[in-house]
Amino acid sequence: MPKVLFLLLLTTLTACTQINQPNDENRLQDLSEKTGIEMVVIDEAEKITGTQAEHFRRLLIRSSYAGDPIQSNILQPAPKTKTVLLPGISFPVDPKLAEQVVDNLNRKFAYRSCISFISDDRREGQKYVVSLIHSFDKYNALRLQETSGGSYHFSTDTLITKLKVFEQKYPFRFIGVGNDWLSIQTVDTPKDWRDFANEVMKVCPTEKPNLQETAKEFEKERGKVFMWWD
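Within each chain, residue numbers correspond to sequence positions counted from 1 in written order. Local features in a predicted model are, by the rule used here, given only for residues with pLDDT of at least 70; side-chain atom pairs are given and counted only at 80 or more, and totals for whole chains, interfaces and linings are based on all residues. Water and hydrogen atoms play no part in the side-chain values, which are based on all heavy atoms of the structure.

Asks: Help me understand the pattern of salt bridges, please; the structure alone is not making it clear to me.
Replies: Pairing is possible between side chains that carry opposite charge, provided their charged atoms lie close to one another. By definition, a salt bridge exists where a carboxyl oxygen of Asp or Glu is found within 4 Å of a side-chain nitrogen of Lys or Arg. Enumeration over the complete set of coordinates arrives at 15 salt bridges. In this structure, K202 engages E199 in a salt bridge whose closest nitrogen and oxygen atoms are separated by 3.1 Å. Of this pair, K202 and E199 both sit in helix α6 (residues 193-203), three residues apart, which is roughly one turn of that helix. Because the salt bridges share partners, they merge into one network encompassing K169, D195, E199 and K202. Helix and strand labels come from DSSP, where a helix needs a run of H or I of at least four residues and a strand needs a run of E of at least two; each type is numbered from the N terminus.

Asks: Mind showing me how you'd approach the nonpolar core here?
Replies: Nonpolar side chains in soluble globular proteins generally cluster together in the buried interior. The nonpolar core is taken to be a set of buried Ala, Val, Leu, Ile, Met, Phe, Trp, Tyr and Cys residues, with the residues joined through side-chain atoms within 4.5 Å. Burial classes follow relative accessibility: with a 1.4 Å probe on protein chains only, a residue under 20% of its type's maximum area counts as buried, one over 50% as exposed, and anything between as partly exposed. L163, F174, L182 and M227 are the most contacted members of the largest nonpolar core, which has 31 residues in total. Mapped onto this core, the elements with two or more residues apiece are β3 (114-123), α4 (140-145), α5 (156-169), β5 (172-177), β6 (181-186), α6, α7 (211-220) and β7 (224-228). When sequence neighbours within four positions are dropped, the list of residues in contact with F174 reads S116, K138, Y139, L142, L163, L182, S183 and I184. Any two residues having at least one pair of non-hydrogen atoms within 4.5 Å are treated as being in contact.

Asks: It is not clear to me how the packing of aromatic side chains should be interpreted in this structure. Could you clarify?
Replies: Given two aromatic rings, one states the distance between the centres and the angle between the planes to describe the pair. Note on ring pairs: Phe, Tyr and Trp rings are taken, using the six-membered ring of Trp, and paired if centres are within 6.5 Å. Classes follow the plane angle, with under 30 degrees stacked, over 60 edge-to-face and the rest tilted. For the structure on display, the rule yields 11 aromatic pairs. Summarising the aromatic geometry, the rings of F166 and Y170 are spaced 5.8 Å apart at their centres and angled 40° between planes, so their arrangement reads as tilted. Y170 sits in the buried class, given a relative accessible area of 11%. Aromatic pair Y170 and F196: ring centres 5.0 Å apart, planes at 85°, arrangement edge-to-face. One end of the pair, Y170, is in the loop between α5 and β5; the other, F196, is in helix α6, and 26 residues separate them in sequence. Take Y170 and F196: they sit in the same class, and that class is buried. The rings of Y139, F166, Y170, F172, F174, W193, F196 and F218 are connected pair by pair, giving a single aromatic cluster. Counting as a charge over the ring demands two things of the Lys NZ or Arg CZ atom: a distance within 6 Å of the ring centre and an angle within 35 degrees of the ring normal. Note that K138 overlies the ring of F174, its terminal NZ or CZ placed 5.6 Å from the centroid.

Asks: It is not clear to me how the pairing of β5 should be interpreted in this structure. Could you clarify?
Replies: One face of the sheet, then the other: side chains in a regular strand alternate in exactly this way. Most of β5 sits out of view: five of its six residues are buried. For two strands to count as paired, DSSP must find a minimum of two bridges between them. Bridge count for β5 against β6 is five bridges, and the pairing is antiparallel. For G176, the partnering residue across the bridge sits in β6 and is S183.

If you want it as C-alpha cells, here you go:
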C-alpha cells in the first residue's frame, strides 16, 4: 500500500473515532443525568450486557375512586407499552442469561450502591429486561415498580413490611421485581423446608395450599421462590 494512501486511511479512521467518541459520551451523559446512574457505570454495564442501556420504564398505573372529588371529562387511555420513566437503566437480555447478568451487575457495582434485578419477564421479542438503579435500600426496587398484591389488596408498603418480617428469618436477595410479582433467592439454605414454605405463604398465599408439596418444590429450587399476585 502506498505510504500516502496509508496515511490518508489512518487520518480518516482517527477522525471518525474522534467524532464518535464525543457523541457516545454525550449519550452517556444525557442518560446519566436523566437516570441518576453515573456515566462510568452505564458504560461498564453496557460492556457486561453487550447492548446499549435504555431508560428504565414501567407501566402507567391508573386508579379509580368511588365518589372521586375531582370531576373531570378527561378519559385517559391506557398506554400499551411501558412509558413511565424511572431513575435507572435497563437492558434487553436473553431469558437464559438474565439471572447471570443480574448477578454479574450486582457483584460489579455493589460498592457503588447499585442494585440490579429482572424488571420485566414478558417483553416482546422473547427478551427479558434487566434494570439497574442506584439505591442504598434494595426495597426501593419495589417502590419504583409499585409492586403490590393485586387481588389480595397488598399495597407496596404492606408487601415490604411482610417481606422484612420474612427476611428476619430467611435473608434473601431479589432476582426479579415486577409490578405484581417477585423472584427471590435465599442467602443461606433453609434447614426446615416446611417452615420456610409456611413463611413464604404468609407473604404469597395460595388458594389451595399444600405445605408438603410446596416445601419439596422450594427444596428442589434450593430456596429460589417466585411470588405473584393477580
